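# Descriptive analysis of the structure
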4 protein chains.
Amino acid sequence: MSSRRIEAFSDGVFAIAITLLVLELAVPSREEAAEGGLGRALAHEWPAYFAYLVSFMVIGIIWVNHHAMFDKVRLVDRPVLFANLALLLTVSLIPFPTRLLSEYLTAGADSHVAAAVYSATMLAMGLAYAALWLTLTRDVRLLQDDIDPRSSRSALRRFGIGNVFYLATIGLSFLNASVTLAVHAALALYYCFDQLPTIGLRPESRTPPKSAADRPA
Amino acid sequence: MSSRRIEAFSDGVFAIAITLLVLELAVPSREEAAEGGLGRALAHEWPAYFAYLVSFMVIGIIWVNHHAMFDKVRLVDRPVLFANLALLLTVSLIPFPTRLLSEYLTAGADSHVAAAVYSATMLAMGLAYAALWLTLTRDVRLLQDDIDPRSSRSALRRFGIGNVFYLATIGLSFLNASVTLAVHAALALYYCFDQLPTIGLRPESRTPPKSAADRPA
Amino acid sequence: MSSRRIEAFSDGVFAIAITLLVLELAVPSREEAAEGGLGRALAHEWPAYFAYLVSFMVIGIIWVNHHAMFDKVRLVDRPVLFANLALLLTVSLIPFPTRLLSEYLTAGADSHVAAAVYSATMLAMGLAYAALWLTLTRDVRLLQDDIDPRSSRSALRRFGIGNVFYLATIGLSFLNASVTLAVHAALALYYCFDQLPTIGLRPESRTPPKSAADRPA
Amino acid sequence: MSSRRIEAFSDGVFAIAITLLVLELAVPSREEAAEGGLGRALAHEWPAYFAYLVSFMVIGIIWVNHHAMFDKVRLVDRPVLFANLALLLTVSLIPFPTRLLSEYLTAGADSHVAAAVYSATMLAMGLAYAALWLTLTRDVRLLQDDIDPRSSRSALRRFGIGNVFYLATIGLSFLNASVTLAVHAALALYYCFDQLPTIGLRPESRTPPKSAADRPA
């Protein structure tokens with residue numbers, strides 16, 4: 001099967017999950033606004049904005065990397081469909097721990113539980129992403145002609161390091177929930193600059209390094 | 001008409017229904033978390049996670065099979081559009097019985113009613129799927145050249161066995177709601193490995209069995 | 001501009017509006033279920049199921065007709081984009097009067113107000129649909145080669161009759177809300193069998209009537 | 001990378017954000033309807049309808065302009081993906097200030113805060129749009145052959161004037177929230193007729209002005 005429809009379906013799930021995040025931002029009630037004004041009531045909700053922003057970045061960057069991954073794919077088979085579903089399960093779940101963290105980021109002991117659930121979801125997502133890549137590279141016929149599965153797998157190894165960090169954030173959750181969320185923002189930025197798109201090419205087809213104009217300023 | 005836009009619309013409905021499921025996962029209120037901590041309050045919601053997971057699997061697998069079905073389709077006409085709408089009606093309904101079962105899975109006598117509503121929705125979905133396949137195979141011009149409608153229909157017969165199981169789960173609902181939900185998970189796994197993609201081909205175009213590399217490990 | 005992306009965006013809005021309807025179906029609270037059981041509490045919500053079903057049919061059928069309309073379109077310009085946005089505005093609004101009618105269908109005098117709001121939304125949708133068709137047929141270059149704008153417009157006239165009925169349902173709302181909703185279901189069925197797809201062709205390209213195999217059984 | 005999938009993902013986010021707006025329209029409770037009837041209770045919610053309509057127009061018009069922008073694009077690179085994500089962040093946020101303004105448009109001093117948050121979101125969106133255009137025109141290889149980046153940038157300058165107006169609406173918010181919302185409606189209408197689609201072409205490929213039939217009546 002061609003990868004067109006799996007991409008369309010995945011784009012749909014990514015787009016919905018990223019847009020549903022806005023439903024987690026609560027409008028303060030009239031009672032909350034009455035004491036101190038709406039401005040202060042809104043400012044009081046900063047954990048929700050922080051969690052919203054980090055989760056938006058995370059889903060956005062998974063989408064970009066998913067996009068880059070499927071650019072290398074020629075065909076998909078059933079195991080790929082199911083590995084992709086497993087990744088979408090973790091992505092579509094993200095609004096739940098986001099809401100949890102919005103509500104409990106400043107809630108003392110419970111903030112640790114909320115941050116750990118958030119971190120565990122990220123770890124599950126990172127593992128599902130790695131599993132999808134393994135499923136795709138297990139059969140060279142699924143890939144575009146110019147991809148070398150062996151170097152792709154070594155690329156994965158470097159890429160998979162993120163999962164060790166995700167695992168570490170579960171531990172960090174029990175020290176400080178806000179710092180944990182900030183680390184997730186940093187990990188998202190790290191993945192912005194990952195090198196997946198330029199590695200994994202067969203030596204002979206490796207294109208020369210792109211000009212400076214192609215890089216972020 | 002070509003099947004491109006019907007696939008895009010269906011993908012949209014599948015993607016939204018599968019992603020809306022996450023809205024059913026409720027964040028425990030501060031009051032609920034106060035007694036015993038957030039961890040225990042979250043653990044207390046296991047029926048919601050169980051129902052979420054099963055419904056995600058069900059919608060995901062219907063999507064995979066819908067995808068495989070439309071790979072065999074060349075053209076669609078109005079009856080196909082309406083048969084497809086009937087299937088989408090049942091799919092888009094799934095978040096409702098899922099929420100019902102999340103709320104009532106451990107609620108004694110009411111758990112049976114909730115499980116029966118869930119099972120009836122699955123039965124309606126299975127019947128709508130079979131009706132769509134019948135509508136597609138009633139006219140050979142709608143199918144790709146290499147599909148044999150006669151063997152496709154016998155394939156449907158084997159495929160339709162699932163509906164007998166769905167019917168049985170309605171009865172089972174009145175014995176035990178949790179077991180019923182587990183059976184739905186098992187049925188979803190059964191459909192993961194269904195043979196629709198390889199049957200229904202005309203004898204001369206039947207491709208040789210795929211190599212082990214194509215199968216899930 | 002080609003019509004590809006306007007179709008993709010419209011498909012998205014249709015798919016989301018039709019799937020959001022399920023959020024209107026409320027799970028009875030434990031208190032409601034306590035008196036008489038969950039079965040009775042669910043049965044008590046029949047107006048919500050009725051309104052859900054009719055609105056699903058309405059959106060589904062507008063989508064089918066939108067699909068058939070854009071099959072005749074070759075290019076779109078800015079006025080078409082905005083006429084299409086006006087139609088999408090009315091479509092994406094439908095979940096609101098549906099929720100209103102679910103809540104107030106059996107509420108005496110208020111049921112008339114709710115039904116009138118529902119009917120007015122349908123009228124706005126019908127008018128927006130006609131306006132979009134007028135915008136598309138005002139310039140022959142926007143249409144596929146084999147479409148005759150003159151006969152297309154006479155087709156619209158016949159098609160536009162539905163709007164007179166929608167207007168009448170506003171009056172009917174003040175007599176009986178349930179009957180009004182049933183009439184909307186009947187109008188949706190009427191549009192299922194509308195003849196837009198086969199009219200509007202230039203005489204020389206008019207295809208012979210399709211075989212019985214193409215019609216619903 | 002080709003721009004196909006970035007357009008599909010963006011269309012998804014636009015379609016979902018524009019359709020989620022309807023969830024902000026609240027059905028009056030039975031208690032609210034009891035005093036004065038449902039009609040009056042609905043009329044009382046006019047700020048929600050007003051905010052809904054303006055936000056729908058805004059998102060619809062950004063979509064049209066996004067569509068026109070990507071019609072000029074041949075390839076996208078990573079910086080474009082991230083600039084586009086920043087725009088989608090602001091677009092997917094719009095339902096939140098819309099809900100805020102629906103609730104607080106007539107709330108005295110708090111109405112100013114709500115209008116300022118709404119205006120600030122629009123300013124962020126306008127800046128993100130300009131940044132995306134700058135990112136696209138920084139490398140001529142990303143654009144279709146007939147686009148002249150230099151004149152495109154001067155076009156942007158004229159286009160960017162809207163951001164000055166958005167900045168001014170933040171100030172206006174502290175005078176009158178309803179007038180501010182009306183100005184946003186006017187700005188949306190201004191962007192309806194913006195000239196981006198016809199500017200930016202290289203002199204030799206500039207097409208002659210379109211016939212009257214192409215303009216809105």
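Below you will find a few notes about this structure. The model shown is predicted, which means the values in this text are computed figures rather than measured ones.

Enumeration over the complete set of coordinates arrives at 24 salt bridges over all chains. Among the ionic pairs, Arg4 of chain D bridges to Glu7 of chain A, the shortest N-O distance being 3.7 Å. Of this pair, Arg4 of chain D sits in helix H1 (residues 4-20) while Glu7 of chain A sits in helix H1 (residues 4-20), on two different chains. For Arg4 of chain D, a relative accessible area of 42% corresponds to the partly exposed category. By relative accessible area, Glu7 of chain A is classed as buried at 7%. Note that Arg5 of chain B and Asp11 of chain C form a salt bridge whose closest N and O atoms lie 2.8 Å from each other. Here the residue Arg5 of chain B occupies a position in helix H1 (residues 4-20), and Asp11 of chain C occupies one in helix H1 (residues 4-20), the pair thus bridging two chains. A relative accessible area of 4% means that Asp11 of chain C is categorised as buried. By sharing partners, the salt bridges in this structure join Arg4 and Arg5 of chain A together with Glu7 and Asp11 of chain B into a single network.

Residue placement: Arg99 of chain A occurs in helix H6 (residues 95-104). Residue classification places Arg99 of chain A among the buried residues on the basis of a relative accessible area of 16%. Engagement of the side chain of Arg99 of chain A in a polar contact is seen with the side chain of Glu24 of chain A, the distance being 2.7 Å. Once residues within four sequence positions are removed from consideration, Arg99 of chain A is found in contact with Glu24 of chain A together with Val22, Leu23, Leu25, Ala26 and Val27 of chain B.

Before going further, it helps to examine the side chain of His184 of chain B. Inspection of the secondary structure puts His184 of chain B in helix H9 (residues 177-192). If near-sequence neighbours (up to four positions away) are discounted, His184 of chain B is found in contact with Val54, Tyr118, Ser119, Met122, Tyr166 and Thr169 of chain B.

Each copy of the sequence occupies a distinct position, and chain A is placed on chain B by a rotation of 90 degrees and an axial shift of 0.0 Å, giving an RMSD of 0.0 Å. What the superposition gives is, in effect, a four-fold axis relating one chain to the other. The two copies present different faces, since only 11% of the interface residues in chain A are matched by interface residues at the equivalent positions in chain B.

The buried fraction of H6 of chain A amounts to nine of the 10 residues, a majority that puts the element mostly inside the structure. Among the residues of H6 of chain A, Pro95, Phe96, Pro97, Thr98, Arg99, Leu100, Leu101, Ser102 and Tyr104 of chain A are the ones counted as buried.

This brings us to the packing of helix H5 (residues 78-93) of chain D against helix H6 (residues 95-104) of chain D. Residue and element names in this part refer to chain D. Closest axis-to-axis distance for the H5/H6 pair is 5 Å, and the angle between their directions is 25 degrees. In terms of axis orientation, H5 runs roughly parallel to H6. Across the interface between the two elements, Val91, Ser92 and Leu93 from H5 touch Pro95, Phe96 and Pro97 from H6. Among the residues forming the contact of H5 with H6, the class breakdown is five nonpolar, one polar and no charged.

Residues Arg4 of chain B and Asp148 of chain B, 144 residues apart in the sequence, show an inter-C-alpha distance of 22 Å. Not counting the four nearest positions on each side in its chain, Arg4 of chain B is found in contact with Arg4 of chain A together with Arg4 and Glu7 of chain C.

How each quantity is defined
Residues numbered from 1 in each chain as written. Chains lettered and ligands numbered in written order. Predicted model: local features only at pLDDT ≥ 70, side-chain atom pairs only at ≥ 80, totals over all residues. Heavy atoms only, no water. Salt bridge = Lys/Arg side-chain N within 4 Å of Asp/Glu carboxyl O. Helix = DSSP H or I, 4+ residues; strand = E, 2+ residues; numbered from the N terminus. Buried < 20%, exposed > 50% of the residue type's maximum accessible area, 1.4 Å probe, protein only. Polar contact = N/O pair within 3.5 Å; in protein donor to acceptor, adjacent residues only side chain to side chain. Contact = heavy atoms within 4.5 Å. Least-squares fit on C-alpha atoms with pLDDT ≥ 70 in both. Axes fitted to C-alpha atoms, helices over the stretch in contact; angles between N-to-C directions. Parallel < 35°, antiparallel > 145°, perpendicular 65-115°, else oblique. Nonpolar A, V, L, I, M, F, W, Y, C, P; charged D, E, K, R; others polar.

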